[in-house]
Number of protein chains: 2
Amino acid sequence: MAEYSSILLEKAVDELSKLPGVGKKTALRLALHLLAEDKNKTDILCKSLTDMRNNIVLCKKCYNISDEPVCSICSNPKRDDNILCVVADMRDVLAIERTSSYNGLYHVLGGTINPIEGISPSDLRINELLERSHKENLKEIILALPATIEGDTTNFYLSKVLKDFKGIITTIAKGISVGDALEYADELTLGRSIANRIPYSK
Amino acid sequence: MAEYSSILLEKAVDELSKLPGVGKKTALRLALHLLAEDKNKTDILCKSLTDMRNNIVLCKKCYNISDEPVCSICSNPKRDDNILCVVADMRDVLAIERTSSYNGLYHVLGGTINPIEGISPSDLRINELLERSHKENLKEIILALPATIEGDTTNFYLSKVLKDFKGIITTIAKGISVGDALEYADELTLGRSIANRIPYSK
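In what follows, the accompanying structure is described. What you are looking at is a predicted structure, and each value in this text was computed from that prediction instead of being measured.

What about the interface of chain A and chain B?
- Each side of the interface is counted separately: chain A has 52 residues, and chain B has 52 residues.
- Together, the buried faces of chain A and chain B total about 5,000 Å²; carbon and sulfur atoms form 71% of this surface.
- Of all residues in chain A, A:Leu8, A:Met52 and A:Arg53 bury the most surface against chain B, accounting for 14% of the area lost on that side.
- For the pair chain A and chain B, the number of links is zero salt bridges.
- Linking chain A with chain B are 12 residue pairs in polar contact (both at pLDDT 80 or more).
- Of all the elements in the fold, those that place two or more residues in the side of chain A that touches chain B are helix H1 (7-16), helix H2 (24-36), helix H3 (39-55), strand S2 (65-66) and helix H4 (90-99) of chain A.
- When residues of the side of chain A that touches chain B are assigned to their parent elements, the largest contribution, 14 residues, is made by H3(A).
- Across the side of chain A that touches chain B, the residue classes break down as 26 nonpolar, 12 polar and 14 charged.

A few points about the sheet that holds strand S5 (residues 140-143) of chain B
Residue and element names in this part refer to chain B.
- Strand order in the open sheet formed by four strands is S4-S3-S5-S6, and the pairing between neighbours is parallel. Pairing within the sheet leaves two strands with one partner each, and these edge strands are strand S4 (104-108) and strand S6 (168-171). Taking the axes of each pair of neighbouring strands and ignoring which way they run, one obtains an average angle of 25 degrees across the sheet.
- Relative to S5, strand S3 (residues 80-87) runs parallel, the two being bridged by four bridges. Its bridge partner lying in S5, cysteine 85 is registered against isoleucine 142.
- Of the strands in this sheet, S3 and S4 are in contact with helix H4 (residues 90-99), which crosses S4 at around 160 degrees.

Each value, and the rule that gives it
Residues numbered from 1 in each chain as written. Chains lettered and ligands numbered in written order. Predicted model: local features only at pLDDT ≥ 70, side-chain atom pairs only at ≥ 80, totals over all residues. Heavy atoms only, no water. Contact = heavy atoms within 4.5 Å. Buried area = accessible area lost by both parts, 1.4 Å probe. Salt bridge = Lys/Arg side-chain N within 4 Å of Asp/Glu carboxyl O. Polar contact = N/O pair within 3.5 Å; in protein donor to acceptor, adjacent residues only side chain to side chain. Helix = DSSP H or I, 4+ residues; strand = E, 2+ residues; numbered from the N terminus. Nonpolar A, V, L, I, M, F, W, Y, C, P; charged D, E, K, R; others polar. Pairing = 2+ DSSP bridges. Axes fitted to C-alpha atoms, helices over the stretch in contact; angles between N-to-C directions.

In structure tokens form, the structure reads like this:
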């Protein structure tokens, strides 16, 4: 006998529990929720998922996800196309966009150099970045990779690869979080915060 | 501009975050997971959900969810059809089945009497229960409703409705949990545990 007296329910729970962070209990709760709701709610949910999966593409310029061949950021004439921000992942684009403090373009590498996980430079969109650095009229490339060893390695690698770039190469500031007390900051962060101190202004 | 540079992604996140316990951040994580996986993974997930939603029915005998008109418990000849366990919800059937200590049949009421939420006896499958108590060859009806005020009210109501039932009516024992120390049990539970004490055996 099926665990749930229904093979259909068991199958749905199995599939839902393959999602990250969803265990059997949560999956059962989600499935029973859908059963209690109108049939068309399930149809709408599934349509939105398959539409997304089948129709989302990577922007052919910046490799961010997009509904069109060129994404809404790359094709926005109001964005400053002299600045390019290099990020590891499309989630980082979302995070930077939420700050509303950047108006340039992006380049999504697709990860960071990570020998342990077998990610080498050739797995990332570094050639594409190099090409953009030659072809586009860029004045600045911002390296906004994660503040991890892998991020630092990738930063170093990119700075070597981009040595012929005519503009400036910058990296995002690392330091203590806004609102943080010094005593609770970890030593590495606080140390870096002191080493990279900047002139006091305003 | 869409929050996520993709209206398709935004739509999927919207729909996912309508699920119980799924916020915008979790929904985004689920959507990005599906995007990173093979296209057919999304198809399989959606097929299992729509199959479940469109084809699951309520068993016409016990009102548990089922793939067939009569569920696998009601149609199992090995189950004892002299005992009927009345539960509020199909989740309770799952919970009791997991204990492997019950081999009779079930009757899913569909809730408990709850005037505050507007659930009156006529909203529950009480007439159906009454009919089963007359037609089926039952020797015992176990009331296994939640140990809440609503559950107690419903138990009381059912005991009145079933006054002509020839067999015995029992209710599940309430008391301290197995493995619990007395000092940590709440007063109501411990009090009930003492009031409903049973002869010591074995």
